[in-house]
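Chain and residue survey
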Protein chains: 2
Amino acid sequence: MKNKHNTTLKDIANHLDLSISTISRALHDHPAIKQETRELVKATAKRLDYYPDTTARNLQKRSTNTIGVIVPEIRHFFFSSAIDGIEDIAYQAGYTIFVAKSNEDYGREVLNTRSLVSNRVAGLIVSVAQTTKNGDHLTALKRRNIPVVLFDRVLDDVEACKVVVDDYKGAYDSTTHLIESGYKKIAHLAGPSHLKISMERLKGYRAALRDAGYKFKEELVVHVELDELHGTTGTKKLLALPQVPDAIFAVNDPVAIGAHKEISSRGMKIPDEIAISGFSNNPSTEIVNPPLTTVDQHGYKMGQVAAQLLIEQIEQGAISQHPRTEVVIGELIIRGSSRKS
Amino acid sequence: MKNKHNTTLKDIANHLDLSISTISRALHDHPAIKQETRELVKATAKRLDYYPDTTARNLQKRSTNTIGVIVPEIRHFFFSSAIDGIEDIAYQAGYTIFVAKSNEDYGREVLNTRSLVSNRVAGLIVSVAQTTKNGDHLTALKRRNIPVVLFDRVLDDVEACKVVVDDYKGAYDSTTHLIESGYKKIAHLAGPSHLKISMERLKGYRAALRDAGYKFKEELVVHVELDELHGTTGTKKLLALPQVPDAIFAVNDPVAIGAHKEISSRGMKIPDEIAISGFSNNPSTEIVNPPLTTVDQHGYKMGQVAAQLLIEQIEQGAISQHPRTEVVIGELIIRGSSRKS
DNA sequence: TATAAATTTACAAACGATTGCACTTTATTT
DNA sequence: AAATAAAGTGCAATCGTTTGTAAATTTATA
């Protein structure tokens with residue numbers, strides 16, 4: 001009853017009184033094997049419920065059809081969208097994906113990398129943890145000829161293909177939109193200074209102000225962590241200012257939603273008394289009332305592009321000498337939170 | 001410069017003029033190898049940047065430390081939460097996860113299963129596609145001694161461990177809550193009849209009505225697909241009824257949000273004119289105004305439980321003879337959409 | 001010092017698949 | 001009918017590890 005072991009080429013060979021190599025070739029439609037034999041072999045393989053052993057094949061080929069993905073978090077909409085995009089492209093190209101999460105922890109990210117390398121992944125797609133300052137664990141992969149593609153959370157000093165959203169432009173567009181909508185005192189709930197995306201968005205904000213002839217005011221920028229809770233606390237600070245702002249550009253959607261809640265709870269009218277805009281186009285932004293103006297970060301698309309970039313390198317068996325950086329243009333999505341009615 | 005090949009045990013052996021087996025044993029702290037040698041070997045391994053080849057080890061052990069996960073969708077909050085939970089438990093136990101998505105397509109689900117079996121996963125965690133009626137591809141794994149755990153979208157005729165939310169109870173509680181809040185004409189936006197979760201929730205709804213002495217009315221039940229769009233169209237039908245309902249229990253959150261939007265857009269007051277409740281506790285439910293009463297489905301927790309159930313079976317090397325079904329009790333979360341102020 | 005016991009290390013055979021090369025058959029040509 | 005070409009198969013090595021068993025070395029014992 002218990003059929004302890006998986007059917008192997010050898011089993012088929014024994015059944016048919018043929019050699020293992022003939023079986024292998026027959027299953028691969030090798031021209032040296034005559035049609036009749038091929039069919040016989042295939043039929044028998046099916047009958048014996050043969051599933052090729054990928055682990056054995058991998059060993060012999062010294063390569064796998066496996067892509068490793070490391071993200072800080074899986075449930076966040078942006079990351080799960082990206083994984084979704086990666087999976088689609090990988091699936092089409094015949095790759096399977098390992099998904100690991102760093103939990104925003106550098107140590108775990110390094111461990112994940114080790115484990116995936118040991119599993120001999122053909123390539124790695126990574127969005128680094130907030131606590132990751134050092135990219136040596138990724139740079140080291142070049143020696144092993146394992147291509148790496150970074151997305152969204154990238155590291156400047158790692159030479160690898162990258163997929164990023166144009167944070168600067170997204171922030172610039174968003175801020176400009178607020179300016180053009182007639183808002184005068186535009187505040188910015190910025191992210192932590194050590195994160196590149198925060199700084200880029202801050203730069204975009206400043207540039208937009210400058211280009212419109214607005215004066216940049218230090219007190220209108222409050223740095224917060226990237227979650228909703230800090231969005232509300234940051235907003236409280238802004239609302240306590242002697243000169244209360246009439247618009248807030250938030251570094252991301254959770255922060256914007258925190259602001260939204262705080263403002264709504266005080267009975268202030270959005271967007272009439274104060275406008276809000278976010279960044280990412282999380283599903284929640286459509287749901288709030290009024291819905292939130294934001295910049296679509298195209299997580300799914302970014303995942304797809306990252307996977308393509310990686311698979312290209314895998315298939316040509318070489319890591320890009322001059323790594324490309326694909327910039328996905330974030331699309332400004334104007335909704336009720338910034339559109340005076 | 002190009003260090004084409006990965007360091008192997010052989011390389012270390014050559015370096016130290018020891019045999020491969022000694023190296024292998026030294027790295028595993030085998031007692032037969034003397035301390036001094038062990039340390040020397042480990043130091044050299046590190047120096048040569050040795051990463052054990054998991055593919056080779058897997059082949060030789062005829063097993064892997066890999067778990068396959070198949071879900072219909074990755075980006076959906078519930079599924080990405082579940083994957084997150086699975087990853088955490090798997091990581092702690094030293095397993096790596098393959099993530100594949102069926103895209104709600106039976107064929108792709110079968111292909112994913114094949115591929116994961118070929119990759120010799122130690123076990124499989126699956127939430128089946130909507131189009132999956134037949135579980136043969138999963139049942140067949142028993143012969144290969146590959147344990148399977150189904151979660152959320154389970155198949156009755158597959159004998160395997162399962163993790164489900166108590167749909168019946170969740171629906172019952174939710175409906176009862178609406179009754180107790182004083183609503184009289186409680187409608188139900190139900191899911192497709194071929195889905196088990198739909199039917200269970202419908203049953204819970206009916207039972208709650210019955211137990212409260214309410215009469216069940218066929219016309220108050222509208223079957224819809226599980227997304228927001230169908231939530232609004234379903235709601236339109238309900239609102240066109242001669243006797244407009246004063247409460248809607250929706251089969252899941254997207255549908256509830258569709259209803260929420262439709263009702264709000266007509267200027268009707270929630271919850272005063274009409275109450276709404278959903279199912280899943282998606283992030284969006286907290287964001288709408290008023291926030292949505294719902295049943296928390298604990299996706300993260302379900303993932304954890306599923307992974308535990310699977311790893312148990314893997315480690316004891318045997319598939320549960322009498323498969324357990326873990327029922328996660330959905331927690332009714334009462335929010336503004338059903339709480340008359 | 002010889003011998004037994006204990007310690008340390010090496011040999012070699014797996015695991016399942018792939019593939020270059022050699023060897024049979026059978027078919028073709030002269 | 002013999003020689004040659006073509007077609008179909010099989011042999012055996014290989015991938016990097018693990019591990020049972022044998023061998024070699026050291027240490028302890030008599």
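Our subject in this report is the structure included herewith.

About the thresholds
- Residues numbered from 1 in each chain as written.
- Chains lettered and ligands numbered in written order.
- Predicted model: local features only at pLDDT ≥ 70, side-chain atom pairs only at ≥ 80, totals over all residues.
- Heavy atoms only, no water.
- Axes fitted to C-alpha atoms, helices over the stretch in contact; angles between N-to-C directions.
- Helix = DSSP H or I, 4+ residues; strand = E, 2+ residues; numbered from the N terminus.
- Parallel < 35°, antiparallel > 145°, perpendicular 65-115°, else oblique.
- Left-handed = near helix turned anticlockwise from the far one by under 90°.
- Contact = heavy atoms within 4.5 Å.
- Nonpolar A, V, L, I, M, F, W, Y, C, P; charged D, E, K, R; others polar.
- Near = heavy atom within 4 Å.
- Polar contact = N/O pair within 3.5 Å; in protein donor to acceptor, adjacent residues only side chain to side chain.
- Pairing = 2+ DSSP bridges.
- Phe/Tyr/Trp six-rings, centres within 6.5 Å; stacked < 30°, edge-to-face > 60°.
- Buried < 20%, exposed > 50% of the residue type's maximum accessible area, 1.4 Å probe, protein only.
- Lys NZ or Arg CZ within 6 Å of the ring centre and 35° of its normal.
- Buried area = accessible area lost by both parts, 1.4 Å probe.
- Salt bridge = Lys/Arg side-chain N within 4 Å of Asp/Glu carboxyl O.

1. Structural notes on the packing of helix H5 (residues 77–92) of chain A against helix H13 (residues 299–315) of chain A
All names here are of chain A.
- Across the interface, H5 lies against H13 with an axial gap of 6 Å and an inter-helix angle of 40°. With respect to their mutual orientation, H5 and H13 come out oblique. Considering only the axes of H5 and H13, their crossing is right-handed. Residues Phe78, Ser81, Ala82, Asp84, Gly85, Ile86, Asp88, Ile89 and Ala90 of H5 pack against Gly299, Tyr300, Met302, Gly303, Gln304, Ala307, Gln308 and Ile311 of H13.
- Residues belonging to the contact of H5 with H13 are distributed by class as follows: nine nonpolar, six polar and two charged.

2. Here we look at the protein's contact with DNA strand D
- The environment of DNA strand D is formed by 27 residues, the closest being A:Ser19, A:Thr22, A:Arg25, A:Arg62 and B:Arg25.
- Of all atoms in DNA strand D that approach within 4 Å of the protein, 60% are sugar or phosphate atoms.
- Within the side chain of A:Thr37, an N or O atom sits 3.0 Å from a phosphate oxygen of DNA strand D.
- Between DNA strand D and the protein, one listed contact pairs a phosphate oxygen with a backbone N or O atom of B:Asp53 at 3.3 Å.
- When residues of the surface near DNA strand D are traced back to their parent elements, those giving at least two are helix H2 (20–27) and helix H4 (54–61) of chain A together with helix H2 (20–27) and helix H4 (54–61) of chain B.
- Of the residues that constitute the surface near DNA strand D, the class distribution is nine nonpolar, 10 polar and eight charged.

3. Let's talk about the sheet that holds strand E8 (residues 247–250) of chain B
Residue and element names in this part refer to chain B.
- Read across the sheet, four strands follow the order E7-E6-E8-E9 without closing on themselves; strand pairing throughout is parallel. Each end of this open sheet is capped by a strand with a single partner; those strands are strand E7 (221–223) and strand E9 (275–277). The average angle at which neighbouring strand axes cross in this sheet is 15°, direction not considered.
- Examined bridge by bridge, strand E6 (residues 186–190) and E7 share three bridges and lie parallel to one another. Residue Ala190 lies in a different strand from E7, and its bridge partner there is His223.
- Against the sheet, helix H8 (residues 167–180) contacts E6, E8 and E9, and its axis sits at roughly 170° relative to E8.
- Against the sheet, helix H9 (residues 196–211) contacts E6, E7 and E8, and its axis sits at roughly 170° relative to E6.

4. Description of the packing of aromatic side chains
- Within this structure, the stated rule accounts for 11 aromatic pairs over all chains.
- Here B:Phe78 and B:Phe151 contribute two aromatic rings whose centre-to-centre distance is 6.3 Å and whose plane-to-plane angle is 45°, an arrangement assigned as tilted. Of this pair, B:Phe78 sits in helix H5 (residues 77–92) while B:Phe151 sits in strand E4 (residues 148–151), and the two are 73 residues apart along the sequence. Summarising the burial analysis for this pair, B:Phe78 and B:Phe151 share the class buried.
- Ring plane angle 75° and centroid distance 6.3 Å describe the contact between B:Tyr205 and B:Phe216, whose orientation is recorded as edge-to-face. Residue B:Tyr205 is found in helix H9, and its partner B:Phe216 is found in the loop between H9 and E7; the two are separated by 11 residues along the sequence.
- Given a relative accessible area of 21%, B:Phe216 falls into the partly exposed group.
- What links up through ring pairs into an aromatic cluster is the set A:Phe78, A:Phe79 and A:Phe151.
- A cation over a ring is seen here: A:Arg108 above B:Tyr91, with NZ or CZ 3.9 Å from the ring centre.

5. Quick word on the interface of chain B and chain A
- Taken together, the contacts link 57 residues of chain B with 57 residues of chain A.
- Roughly 5300 Å² of surface becomes buried between chain B and chain A when both sides are summed, with 48% attributable to carbon and sulfur atoms.
- If you look at where chain B meets chain A, you find 14 salt bridges.
- Among the ionic pairs, B:Glu87 bridges to A:Arg108, the shortest N-O distance being 2.8 Å.
- Joining chain B to chain A, the criterion identifies 32 residue pairs in polar contact (both at pLDDT 80 or more).
- Of all the secondary structure elements, the ones that give two or more residues to the side of chain B that touches chain A are H4, H5, strand E2 (96–101), helix H6 (106–118), helix H11 (253–265) and helix H12 (284–287) of chain B.
- The sheet contact formed by strand E2 (residues 96–101) of chain A and E2(B) spans three bridges and is antiparallel. The residue bridging A:Phe98 from the neighbouring strand is B:Phe98, located in E2(B).

Scope: geometric values only; no functional claims are made or implied.
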